[in-house]
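Residue-level structure breakdown
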Amino acid sequence: MRRFVVAFAVSLFVAVACAPAPAAPVSVADKPVAGGRIVDGFTSDIKTLQPVLSSDTASSGVWNLIYYSLTRNDPDTGEVVGQLAEKYELSSDGLTLTYTLRDNVTWSDGTPFTGEDYKYTAEAVMRSKKTIRKGTFDNVVGAKDYADGKTDGIAGITTGAGGKTVTIKFSKVFCPAVNQMGGAGAGGIIPKHKFTQYWDSKTTDTAKNIDDNPMNMEPAVATGPFIFKEYKPGDHVTLVRNEKFFRGAPLISEYYVKFYADSTAVTNALKVGEVTWTGVDPKDYEELSKLDTLRGFRFPSFSNGYIGWNPSNAKAPWLASRDVRQALWYGLDTKTIIDKVLFGLGKQVYANTLPTMWAYDDSGLNKYGYDVKKAKELLEKAGAKMGSDGVYRWTDGQPIKMKIETNSDSNTRTTILQIAQEQYAQIGVKIDPLLESFPALTERTRFSKPDWEGVILGISYGTDPDPYGVWHSSQATATGLNRVGWNKGDQLITQQRDGPDCSQAARKRIIHEHDVLLNQEAPWTFLYNADNLVFSTKPLQGFEPKPFSAGSLWNIEKWWLKT
Amino acid sequence: MAQAPALPMDLAPVERRVAAGFWSDAFWRLRHDPPTVAAFAMLLLLVALSAGADLLADRVFGISYIKQDLFNTYRKPILEQPSWWLGSDNLGRSEIVRLLYAGRVSLFIGAFGAAVSMTVGVVLGISAGYFRGWWDDLVVWLVSTVSSVPRLFLLIIVGLLFRLDPLSLAVFIGLLGWLGISNLARGQTFALREREFVLAARTIGATPVRVMLRHVFPNVLPLLIVIAMIDVGAIILAESGLSYLGFGIQPPVPSWGNMLTGATQFLSRAPWLVYGPGFAITLTILCLYLIGDGLRDALDPRLRGAK
Amino acid sequence: MQAIPTLLGIMVLTFLLTRLSPADPIDFMVGGVTDITAADREALREAYGLNRPLPLQFVDWAWSAVRLDFGKSFFSHRPALQLIGERIPNTLQLAVAGLLVGLGLGVPLGVVAALARGSPADHTIRVLSVVLHAIPDFFLGLLFVLILGVQLRWFPIGSMNTIGVDCGFCWDRIWHMAGPVLLYANAGIATYPRYLRTEVLEILGQDFVRTARSKGLRERIVVAVHVLRNALIPVVSLLGGILTIVISGSVIVEQVFNWPGLGRLLFEAAQNKDYPVVQASVLIGSALLLASYILRDIAYAWVDPRIKVR
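Please read all numbers here as calculations on a predicted model, not as lab measurements.

Moving on: the pairing of strand β5 (residues 96-101) of chain A. All names here are of chain A. Pairing geometry for strand β4 (residues 85-90) and β5, over five bridges, is antiparallel. Looking at β5, one finds that E89 is bridged to T98. From the end of β4 to the start of β5, which pair antiparallel, there are five residues, and G94 there has a positive phi angle of about 75°.

What follows is about the interface of chain B and chain C. With 47 residues of chain B in contact, the opposing surface of chain C contributes 56 residues. Of the roughly 4,800 Å² buried between chain B and chain C on both sides combined, carbon and sulfur atoms contribute 75%. Looking at the side of chain B facing chain C, the largest losses of area belong to B:F153, B:Y244 and B:Y289, adding up to 15% of the total buried there. The tally of links from chain B across to chain C stands at zero salt bridges. Our count for the contact surface shared by chain B and chain C stands at two residue pairs in polar contact (both at pLDDT 80 or more). Elements supplying a minimum of two residues to the side of chain B that touches chain C: α5 (133-148), α6 (151-161), α10 (208-245), α11 (256-265) and α12 (275-299) of chain B. It is α6(B) that contributes the most residues to the side of chain B that touches chain C, eight residues altogether. Classifying every residue of the side of chain B that touches chain C by side-chain character gives 33 nonpolar, ten polar and four charged.

Residues and elements named next belong to chain B. Packing of helix α4 (residues 95-131) against helix α8 (residues 179-193) leaves a shortest axis separation of 7 Å and a crossing angle of 35°. The two elements α4 and α8 cross, and the hand of that crossing is right-handed. Facing α4, whose interface residues are S117, M118, G121, V122, L124, G125, I126, A128, G129 and Y130, α8 presents I181, S182, A185, R186, T189, F190 and R193. Looking at the contact of α4 with α8 residue by residue, the class counts come to nine nonpolar, six polar and two charged.

All names here are of chain C. One pass over the full model with this rule turns up two disulfides over all chains. One disulfide bridge connects C167 with C170, the sulfur atoms lying 1.6 Å from each other. Torsion about the S-S bond of the C167 and C170 cystine: about 50°, corresponding to right-handed handedness.

Tracing the sequence through the fold places A:S536 in strand β21 (residues 532-537). Classification of A:S536 as buried rests on a relative accessible area of 0%.

This paragraph deals with the pattern of salt bridges. All names here are of chain A. Enumeration according to the criterion identifies 40 salt bridges over all chains in this entry. Between D451 and K403 there is a salt bridge, and its shortest N-O distance comes to 3.6 Å. Of this pair, D451 sits in the loop between α13 (438-444) and β19 (454-457) while K403 sits in strand β17 (residues 401-407), and the two are 48 residues apart along the sequence. A network of salt bridges, in which partner residues are shared, links K315, K403, E405, R444 and D451.

Residue and element names in this part refer to chain A. Across the sheet, which stays open at both edges, the four strands sit in the order β4-β5-β7-β6 with antiparallel pairing between neighbours. The strands lining the two open edges of the sheet, one partner per strand, are β4 and β6 (157-160). The average angle at which neighbouring strand axes cross in this sheet is 20°, direction not considered. Together, β5, β6 and β7 (165-169) form the strand contacts of helix α3 (residues 115-127), whose direction differs from that of β6 by roughly 170°.

Rules used in this analysis
Residues numbered from 1 in each chain as written. Chains lettered and ligands numbered in written order. Predicted model: local features only at pLDDT ≥ 70, side-chain atom pairs only at ≥ 80, totals over all residues. Heavy atoms only, no water. Pairing = 2+ DSSP bridges. Helix = DSSP H or I, 4+ residues; strand = E, 2+ residues; numbered from the N terminus. Contact = heavy atoms within 4.5 Å. Buried area = accessible area lost by both parts, 1.4 Å probe. Salt bridge = Lys/Arg side-chain N within 4 Å of Asp/Glu carboxyl O. Polar contact = N/O pair within 3.5 Å; in protein donor to acceptor, adjacent residues only side chain to side chain. Nonpolar A, V, L, I, M, F, W, Y, C, P; charged D, E, K, R; others polar. Axes fitted to C-alpha atoms, helices over the stretch in contact; angles between N-to-C directions. Left-handed = near helix turned anticlockwise from the far one by under 90°. Disulfide = S-S within 2.5 Å. Buried < 20%, exposed > 50% of the residue type's maximum accessible area, 1.4 Å probe, protein only.

Right under this line is the structure:
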């Protein structure tokens, strides 16, 4: 009987390693055909379909297709060009920005899209209690007054020519204006004529806002290529073709977003053709590239990975010391991590600005090459003394022991955490790893929270290199992204934001100064800028990822499925 | 979580004070049952290997279980290098050394958890059966309450609230598994408490504890041993299920469960990584099952006839 | 019946466990609001009764629970009951099918093993049953998805229906149920053959059977029926254990196969620290289990005339 047992068990395990994937048939027709469904695989459920409230990539991945903004980045050059707006013009003093809308743009129910929608969206942002986008309107005349309930509208935003133009007046020069104003702060413009039944923006009552209404989960109309059809929580979101889309109705009739348990499930779905296109983990890139049923794309991204250190945790007083933070940077072999965990599919970064941004300049930045000896020297310089158990003791006698946490569903990050634990042990720092779900993690590691010490996370940036959203002291709040409470860069940040010199050269210089500061102070151990890895099944045609194209969706109306 | 349900039949209570004959009789039967002996030997080997993990790591393999080697990740198994007999994992650690340490963790959790289960179950079961009355009612209520909550649901809540190291994990899983033995012990105690030898002991003034310990417990013992074997297996499986969900033993501490889960994520890149933990778990549970079977056959003459 | 105190016990257990958490539930309730002051927090605590003594809080919660009001999910702000209501039919569909398939495969296998005692068939069945028991179910499930799903494409890799198809109990659904149902049935296939085999062998060994054999065909049929009837008793009593496995194991099975059921809801809620949903799921899951135990007891009484229902 034992023989049977062993044989059975062995055959079960052996079967796993073998058997290649069968190839999918491909036919010959080349003329685009209409119809079909595209399936996109997400590993996280959406939280909202209201751009004003949205702060996670899953939600924006969906409403991005429903609510468009006035401008977008040219897919090839990254320059800001018109989308729902035909053109825009910034006055020479930088204080007036005028958008002229396109002629033929309507909502999917036929109602004309006007500047009133833009103004309504901006006002929704300013009165919302849950948004993180108010910062966009810092320099806009009348925005703060409106938020405080002193007026019944944002004075600095006016519409003209029957709603065909939108003029924004700034009290001070706002350098990223052209890049950031197009989406009215929210990133997508919402329909006034639909939302107004829930909230009338013309009011001074600050208790009312757009935060709680059913249409936040069920968009009624769209300016984007797809219209919302249904949402089954935990399962999928269905969008259908918007016939009135201003660039022409999409060829695809249905866009289906499906939620999977984890990234392995998504890659499995990709392999069997259940999912049409999706981003993948670096660890799967090589294997998927070998399949001839899929097409792989690799291009630079606007996101990074970092380890954030909390300097205000009383239980880890050493994190307030610059020398210690630098030691932590020297003590991590980032280059090998990128080679082995990202499989070389990314670049190392040493400060906030990414290599893909026009303001990138790594001259004068400390590259913090892996150096255990130097790390220990710095720790000792800061006052640490080596204990008998191989762990340093801080000046107060406590062992240098702390938690680093990250989200359990990211294979990349959990692996980096394990590597960090091992490598920091070499420099006499004891690390306790902690894994959480992503929503819980982001809440646990806010600026105001006392319990966290180190966190491995990433930021997804827009194309403009303005560090405001992450590094300005105003963003150190219960919901903001400035988790470590960085406040040394305010002056520089404001300078590149408020001008008056908004030229790229000037801003680049100032941003670089800020980068140098970040690089020296090391509030984060900056890790990598990972490439975007996207795969699509062979039938998908017209799919052409470009670096500045916000998820490859720049020509989604031209995608079609070859059958 | 394929935890075996409690045995459906009553082992007939042995009719006298445990006489010398019963145990040596059983032992004889055990010795002459090849599958059981083989299983026992295999299990002993596994335990020995795991216990000797430190020694082996030092002498034979020359590498510790947490030592990472990022330049040698996903190595295929090769014979020349002992530490790579089962290859290396995604962080370049020695798979075989980790497997040995993981054996320690998993076997410990299984054994300790089963010990907790058995202790709680026996104490509650026998005392409930002996004292009856309100205590019995309480125990029965406790049993029906806990058995109505799906085991994994409870474990998830616990895993959610606390960071679990092997010891506390073993205790928690053990605390959920005592129901079966408790019921059986209680049933046995009911039958036994009216027997002459128990009544005799009570007449001469033996304290309840003494009666329970010296007269009731030995008769429950055979059943206990059999169930314990199955329980250890069930706990090891439960631990691996928890690891899959992310609530079990956290890396870098290796357990067979979390090694298996980890290996499944790299299946396309390094399929050989599942063999070690997969085989280890399956083999251990097989052995435990066979031993349990053999023990049951040896200890209950009534069944021998049917086999 | 005695179910009521048990139900109460479950409620106490569930409540206590979730309140044991060190995290402040208010944090999660207001997650996302940017400018909440300490005064606002106090007001919220008042409103939700979180500053009343624990026993009173329990009474509050228990009272609403009885009226089936479990509060709103912290994550999606929809009523917990609604979330559970959406998912329970999915879990039940799998559970019932899994039980039936487990019975349908496990029982005959056990009988066959007993009847063909000593033959290769007997050995194979016994080996199979033990080996299947020893392999962790998530692993078995993952292998199923990988080999039969991804590589061979014989079965879908998960979900309830193919995308776009929206039918309840049709061929598409059955095809999608194959994987998870087999995984559930595994519990049955691992347990029934062994116990049934022993039972049947025992009955076969008894005198009246031997007599029947010598007496002829009609007699043997009567005996066969008698044998089966008696063999059913352990089947029903084993049902309790299997039910626990099925409902408890739903967490793993539904995760592996991407099935939107109760187990998966609990798992996601636990990850998101969504207490109302966690509490409600555990309570309703337990109630379900309790209900099935009661059904089993009734079935037991029906099968074994010696037992009386209380």
